[in-house]
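Listed below are the residues making up each chain.
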Amino acid sequence: MNLKIWHKMIIGIAIPSFIAILGGVLTYVYIKDVKKRQGFVLIADDLKEQVLEVRRNEKNFVHYKNKEHFDILNTEIGQLEKNLSTISEKTINEIGEENFSRFRKTILEYFNLSNALFENYQNESISTEKVREEGRELEAFAVSGKHAFELSTNFVLHLRILEKNYMLYRDKKSLDALHKGLAELKNLIPFCNECIPYADSLHKLISLYEKSGAALNELQGAGNALEKITGEVADRERQKINSFLNLTPRIVLAVILLLCTLGPFFVYETASYIVAPIKRLVDITKKISEGDLSQRAAIKEHDETYSLAMSFNTMLDHLQLMHQSLEKSIELLRKKQEQLVEAEKLASLGKFAVGVAHEINNPLAIINEKTGLIKDVIGMSDDFPLKNKLLDTLVGISDSVNRCRVITHRLLGFARRTDIPVEIIDINSLLKEVTGFLEKDIFYKSIKLKFNFTDDLPPIESDKIQLQQVFLNIIKNAIDAMEDGVIEITTGMKSRESRDIIMVSIRDTGHGIPEEIQKNIFEPFFTTKQKGKGTGLGLSITYGLVKRLGGNISVKSRVNEGTTFFVEIPVKAEAVKV
Amino acid sequence: MKKKKDIKVLLVDDEVEFVDTLAQRLKMRDLLVDVVYNGEQALSFIRKTSPDVIVLDLKMPGLHGIEVLKEIKKSASEIQVIILTGHGTDKDEDEARRLGGFDFLRKPADIDLLVAKIKEAFAEKVERAMTAIAFAEEGALDTARKIIKKEE
Ligand SMILES: Nc1ncnc2c1ncn2[C@@H]1O[C@H](COP(=O)(O)OP(=O)(O)O)[C@@H](O)[C@H]1O
Ligand SMILES: [Mg+2]
């Protein structure tokens, strides 16, 4: 996520706050709803009360069956309708439009039914009057006796009682009794025309009564329906209130739970978002302190640690560069030190050699003189039996002393002149000179000497005697390595680009140097030559001198094919103190 | 030119065995040889008598050969000095030659070479003395002194 720290903080704080607010709002909405529902319940209760009022008046009306009570009932219904119309459309929609339309329809039905019932009641009273009138006429007729004997006064009276009972009770029992009476009367009817109007009006009344009963039933049904609807609405609203009330604590609880769990979670997340890049930096610094300078802070552009990471990385770049140049310097220093150590080694080797040479020279001188003295004395004396043998022995001693002298004087040569007296030397003529010293050996061994010189070489500023020594040793070895063959001396520049270093190679076709000893040949006292022939100092001195002149020496050789020595000499000698 | 026997040589060396033997051998070769064993003795010796050639060692207890050479060249510059040493470095050689040493040899040295050098030194000394005398006889004492002191 590429977010700025303050964004992250806002998220961390906002989400728990949002949950809390949501919980609060939800609770508020629910409680408001509950209040509204309570209003609905009140409305429903009001309506129900009015319906009950209407029903009370309905009972009065049914009881008295007169206009007065019918009017009261009507006004009550009108009141109900009026109240109903004051209820706002919105409330109606919320409570349930369907309820209200049913309610309205039922009220209308109820109203119509009550009207019908009232009409019936009016017909009933007319009909009742008629029955009474006919009854009285029938009574009068029975009393007149102009009829068959069955129509006795008693019978008519009994019938009238039945009629009155029925009018009073209007129940099945009294109706049955009346029907029975009427049936008896019917039996008389073929004989009694006067009976017919009574029976007819009675029948009409009965049917009116039945009609009223049915209408009343319907009216009561409608009334019940009205009661039921309002009851239902009130109940439903109450139920809703209850469920709301049940829900509210749950919501509050849920919000608290959410806050308790999500709150710390988001705060933690935010904290780790903020801390993460810093942690990364810390990790990187750890790795760097362990020496891995190639580490870089991951750069996320929208991070506030972006610029920190950038400058951190720039710092690291600098550090790495510095580190690299430091390493280079150290490498250079190490090389120089190696050179110095080498020079130091050479120097101490030189000092040691000189010390040894000096110490040996004095006893050697004593041996030399004592032997010389004996030789002198014996030489001067007359012949005696072992004279020649003694003299031979003395020559042997002198030769050994000479061998020692060669060694010590060579060692002293190694330690010669520490500061280079600068002479201008032409390398080609120097090499000619050196081979001149060895002319005799070359001639005796019938060795062919070839010069392969480059003409326009720059003159060398160096120590001539030392340079002579260098090539003398190498060429001497070449001569020693063969009986006949070729020695080829080549001169040139080391590289085409620069004219700083001259390269001299001395190739021979001698017996060569076995690879395993090639590394030893520059060591002092290393020799493969017979005792008395080699000192093992030639190449070590050459090596020391070349190094002292700031040059280099190397060898390439194959057994039975030959050997080539390569000597590099700087045109301008760098004095290395040895 | 004087005979060999007339060449007076002083050997200066602390190595007794060496210098005594060398003295004998040189005597056998018709040289007049004296021996001293250190620099101080050498200097007191030349105060009494004047040898023709001094064969001088460098590394000795007491006065170093170079110091002795300096002293000789100061007080008796006509004496030829040949350095014969086992300890000579190139530096010493240069120094010795600069201070007027006749030659510089390293031990062990060949007896014939040494004798030859002694003779050479003596011959040079004689030649210089003759020239000096010639100048002196003509009154050019300064020049004569210069020649003796090798200051041309
Ligand atoms: N040109 C060469 N051909 C064959 N071997 C050689 C050559 N140069 C040197 N060597 C070997 O290197 C050794 C060391 O040489 P050096 O140091 O001159 O001592 P020395 O010549 O006294 O033996 C020789 O003994 C020889 O074995
Ligand atoms: Mg050699």
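Rules of the game
Residues numbered from 1 in each chain as written. Chains lettered and ligands numbered in written order. Predicted model: local features only at pLDDT ≥ 70, side-chain atom pairs only at ≥ 80, totals over all residues. Heavy atoms only, no water. Pairing = 2+ DSSP bridges. Helix = DSSP H or I, 4+ residues; strand = E, 2+ residues; numbered from the N terminus. Axes fitted to C-alpha atoms, helices over the stretch in contact; angles between N-to-C directions. Phe/Tyr/Trp six-rings, centres within 6.5 Å; stacked < 30°, edge-to-face > 60°. Buried < 20%, exposed > 50% of the residue type's maximum accessible area, 1.4 Å probe, protein only. Lys NZ or Arg CZ within 6 Å of the ring centre and 35° of its normal. Contact = heavy atoms within 4.5 Å. Buried area = accessible area lost by both parts, 1.4 Å probe. Salt bridge = Lys/Arg side-chain N within 4 Å of Asp/Glu carboxyl O. Polar contact = N/O pair within 3.5 Å; in protein donor to acceptor, adjacent residues only side chain to side chain. pLDDT = per-residue confidence, 0-100.

**Points about the sheet that holds strand β6 (residues 552-558) of chain A**
All names here are of chain A.
Turning to step 1, where the next piece is worked out: Spatial strand order, β2-β4-β5-β7-β6: five strands in an open sheet with mixed pairing. One side of each edge strand has no neighbouring strand; the edge strands of this open sheet are β2 (447-452) and β6. Averaged over all pairs of adjacent strands, the angle between their axes in this sheet comes to 15°, without regard to strand direction.
Turning to step 2, where the next piece is worked out: Pairing analysis gives seven bridges linking strand β4 (residues 485-493) to strand β5 (residues 501-508), with the strands arranged antiparallel. The residue bridging I487 from the neighbouring strand is D508, located in β5.

**Details of the packing of aromatic side chains**
Turning to step 1, where the next piece is worked out: Tallied over the entire structure, the rule returns 10 aromatic pairs over all chains.
Turning to step 2, where the next piece is worked out: Ring centres 5.3 Å apart and planes at 45° place the aromatic pair F61(A) and F70(A) in the tilted group. With respect to burial, F61(A) and F70(A) carry one shared label: buried.
Turning to step 3, where the next piece is worked out: For the pair F451(A) and F453(A), a centre-to-centre distance of 4.9 Å together with 45° between the ring planes defines the contact as tilted.
Turning to step 4, where the next piece is worked out: Sitting over the face of the ring of Y121(A), K65(A) holds its NZ or CZ atom 5.2 Å from the ring centroid.
Turning to step 5, where the next piece is worked out: Above the face of the F18(B) ring, K107(B) is positioned so that its terminal group lies 4.5 Å from the ring centre.

**Digging into the environment of K211(A)**
All names here are of chain A.
Turning to step 1, where the next piece is worked out: Structurally, K211 is set in helix α7 (residues 195-289).
Turning to step 2, where the next piece is worked out: Exposure remark for K211: the relative accessible area of 54% places this residue in the exposed category.
Turning to step 3, where the next piece is worked out: Sequence spacing of K211 and L117 is 94 residues, and the spatial spacing of their C-alpha atoms is 8.5 Å.

**Examining unusual backbone geometry**
Turning to step 1, where the next piece is worked out: Going from K107(B) to P108(B), the amide bond is cis rather than trans, its omega being -15°.
Turning to step 2, where the next piece is worked out: Residue position: P108(B) is located in the loop between β5 (103-106) and α5 (111-137).
Turning to step 3, where the next piece is worked out: Within the chain, R170(A) stands out as a residue other than glycine whose phi angle is a positive 50°.
Turning to step 4, where the next piece is worked out: Take R170(A): it is sitting in the loop between α5 (153-169) and α6 (172-188).
Turning to step 5, where the next piece is worked out: Despite not being glycine, F525(A) has its phi angle at roughly 70°, a positive value.
Turning to step 6, where the next piece is worked out: Relative to the assigned elements, F525(A) resides in the loop between α13 (515-518) and α14 (538-548).

**Things to note about the interface of chain A and chain B**
Turning to step 1, where the next piece is worked out: On the chain B side, the residues contacting the 21 residues of chain A number 22 residues.
Turning to step 2, where the next piece is worked out: At the boundary of chain A with chain B, total buried surface from both sides reaches about 2000 Å², with 54% on carbon and sulfur atoms.
Turning to step 3, where the next piece is worked out: The largest share of the area that chain A buries against chain B comes from N362(A), E369(A) and L373(A), three residues that together contribute 28% of it.
Turning to step 4, where the next piece is worked out: Where chain A packs against chain B, one counts four salt bridges.
Turning to step 5, where the next piece is worked out: One salt bridge connects E17(B) with K370(A), and the closest N-O pair in it is separated by 2.5 Å.
Turning to step 6, where the next piece is worked out: The interface formed by chain A and chain B includes 14 residue pairs in polar contact (both at pLDDT 80 or more).
Turning to step 7, where the next piece is worked out: Broken down by secondary-structure element, the contributors of at least two residues to the side of chain A that touches chain B are α8 (306-380) and α9 (387-414) of chain A.

**Comments concerning the confidence of the model for chain B**
Turning to step 1, where the next piece is worked out: Here chain B averages 87 in pLDDT, and 93% of its residues register 70 or above.
Turning to step 2, where the next piece is worked out: For this predicted complex, the interface score ipTM comes out at 0.84, while the overall pTM is 0.46.

**With respect to α14(A)**
Turning to step 1, where the next piece is worked out: In terms of burial, α14(A) is a largely internal element, nine of the 11 residues being buried.
Turning to step 2, where the next piece is worked out: Within two residues after α14(A), G550(A) carries a phi angle of roughly 85°, on the positive side.

**Examining the sheet that holds strand β3 (residues 53-56) of chain B**
All names here are of chain B.
Turning to step 1, where the next piece is worked out: With parallel pairing, five strands are arranged side by side in an open sheet as β2-β1-β3-β4-β5. Each end of this open sheet is capped by a strand with a single partner; those strands are β2 (32-36) and β5. Each adjacent strand pair in this sheet contributes to an overall mean axis angle of 20°, direction not counted.
Turning to step 2, where the next piece is worked out: In terms of strand pairing, strand β4 (residues 80-85) meets β5 through four bridges, oriented parallel. Paired with I82 across the strands is D103, a residue of β5.
Turning to step 3, where the next piece is worked out: This element, helix α2 (residues 39-48), spans β1 (8-12), β2 and β3 of the sheet and lies at about 155° to β1.

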